[in-house]
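Inside the fold
Okay, here's what each chain looks like letter by letter:
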Amino acid sequence: MTMTERPVESVEEEAACCARHHVQGTRGEGDEVPETAREKVNRRWHEILQETRVAQTGVQILFGFLLSVAFTPLFRELDTFDRGVYVATVLLGASATGALIAPVSLHRFLSGQRMKDEVVESAGRLMMCGMVLLALTIGCTLLLILRSVIPGPFAEALAAAVMLWFGICWYALPLRLRRRAARRSSDDRP
């Protein structure tokens, strides 16, 4: 069974779930409707699929670009350090590609084994790992490009600044929001 094919029961359950959320969701904007464990794991799986589609596209385009660089005439002019950065970048890009495509393989191998909780948990971890590898790939790619355009340490400083920005946007901000939400929910408890 593919991800788009679902038994009639699961379609009916999802329709009932959506109808219940719609009816109950009209009570108030801040009211949250509790999910069943099955609804939660299904929602998390669909979220991971959407996130994976975005990340996979980006890493595949970047990786394709990286692979083509070695066949350009200017590649022969790179010094030893830049060639090392290139090799590291290609390896990071390949690793990011593997991590971001792995949830598809997990789903394919484990579909129908009643292991959705484990698949979702593992896919989430692989996505985080893939995002770290993707950020490193982008940083190394940027370093490689900037070193060929801007002489001196300014290229490294710019690449470091962009990596800092990625760290803030991709990791620090979500962690800060998570802590704030955890603090707020602990304050709301009696």
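Everything below is about the structure shown above.
Below is a short write-up of the structure. Nothing here was measured: the structure is a model prediction, and the numbers come from that model. (Residues numbered from 1 in each chain as written. Predicted model: local features only at pLDDT ≥ 70, side-chain atom pairs only at ≥ 80, totals over all residues. Heavy atoms only, no water.)

**So, helix H3 (residues 80-110)**
In this model H3 runs 44 Å from its N-terminal to its C-terminal C-alpha over 31 residues, within 8% of the 45 Å that 1.5 Å per residue would give. The sharpest bend along H3 measures roughly 35° and falls at Ala 102, with the proline Pro 103 sitting one to four residues further on. Among the residues of H3, the N-terminal cap falls to Asp 79, whose side-chain oxygen and the backbone nitrogen of Phe 81 are separated by 3.3 Å. Immediately downstream of H3, the backbone of Gly 112 shows phi near 80°, a positive value. (Helix = DSSP H or I, 4+ residues; strand = E, 2+ residues; numbered from the N terminus. Expected span 1.5 Å × (residues − 1). Bend = angle between axes of the 7 residues up to and from the residue. Polar contact = N/O pair within 3.5 Å; in protein donor to acceptor, adjacent residues only side chain to side chain.)

**Details of the layout of surface pockets**
There is about 710 Å³ of room inside the second largest pocket. Around the second largest pocket, the lining is made up of 16 residues, and of these Glu 51, Gly 124, Met 128, Pro 174 and Arg 178 lie nearest the centre. Contributions of two or more residues to the lining of the second largest pocket are made by helix H2 (37-69), helix H4 (116-149) and helix H5 (154-188). Considering every element that reaches the lining of the second largest pocket, the biggest residue donor is H4, with seven residues. Broken down by class, the residue content of the lining of the second largest pocket amounts to nine nonpolar, one polar and six charged. (1 Å grid on protein atoms, 1.4 Å probe; cavity = no way out; pocket = protein on both sides within 12 Å on 5 of 7 lines; lining within 4 Å. Points joined across faces, edges and corners; volume = space filled by probe spheres on them. Nonpolar A, V, L, I, M, F, W, Y, C, P; charged D, E, K, R; others polar.)

**Observations regarding the side chain of Thr 52**
Its location among the elements puts Thr 52 in helix H2. For Thr 52, a relative accessible area of 4% corresponds to the buried category. Looking at Thr 52, its side chain comes within polar contact range of the main-chain oxygen of Ile 48, at 2.7 Å. Apart from residues no more than four positions distant in its own chain, Thr 52 is found in contact with Leu 100, Pro 103 and Met 127. (Buried < 20%, exposed > 50% of the residue type's maximum accessible area, 1.4 Å probe, protein only. Contact = heavy atoms within 4.5 Å.)

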